[in-house]
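As a plain string of letters, each chain reads:
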Amino acid sequence: MKQVYPTFIFNTNDGSEHPFLVCVPDMEIFTEGDTFADAIEMARDAIGLAGISMEDNKEKLPVPSDQIAAIEKVRQDIEDIDFSKGILTYVDVDFTEYRKKVDTKTVRRNVALPSWLNYEAEHAGINVSRVLQEALMNVLNVRRNI
């Protein structure tokens, strides 16, 4: 699923190592970047991680706010920085693709095969796990992200 979230980027202009501070109010995310482009990438990464964590916990992803609502949200929390005085941009995240990129752990599954088929696969030097992965990707019409 793809979503686009309003994101505020505030340049501190203070010579610090990470002068670009980022706020994604719909997901209550704060991060930072070395450059403007890095700040956008950090926002995308933070949104992606938060989103797949929410999906894993069976929580709904927040609906992206419109411009006015997003500005109102950041103005409610201006203890340290008034992000509403920063640049409002929009950051897109494809949560399905993001999950493929970062969720690369392997999961053990037991598969039942007829003994004769297992024998043939072993003698042919075939990696049954790899064949199963390729077959599932083909049936599901998905690609592996590298």
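Located above this text is the structure these notes cover.
Quantities reported herein were computed from a predicted structural model and do not represent experimental measurements.

A. Spotlight on the sheet that holds strand β3 (residues 29-33). Read from one edge to the other, the open sheet built from 4 strands follows the order β3-β2-β1-β4, with strand pairing classed as antiparallel. Lying at the two open borders of the sheet, with one neighbouring strand each, are β3 and β4 (87-94). The sheet shows a mean angle of 30° between the axes of neighbouring strands, taken without regard to direction. Sheet topology note: the strand β1 (residues 2-11)/strand β2 (residues 20-24) ladder contains 4 bridges and is antiparallel. What sits directly across from I9, in β2, is V22. Sitting on the sheet, helix α1 (residues 36-56) is in contact with β1, β2, β3 and β4, with an inclination near 45° to β4. Packed on one face of the sheet, helix α3 (residues 95-102) meets β1 and β4 and runs near 70° to β4.

Each value, and the rule that gives it
- Residues numbered from 1 in each chain as written.
- Predicted model: local features only at pLDDT ≥ 70, side-chain atom pairs only at ≥ 80, totals over all residues.
- Heavy atoms only, no water.
- Pairing = 2+ DSSP bridges.
- Helix = DSSP H or I, 4+ residues; strand = E, 2+ residues; numbered from the N terminus.
- Axes fitted to C-alpha atoms, helices over the stretch in contact; angles between N-to-C directions.
- Contact = heavy atoms within 4.5 Å.

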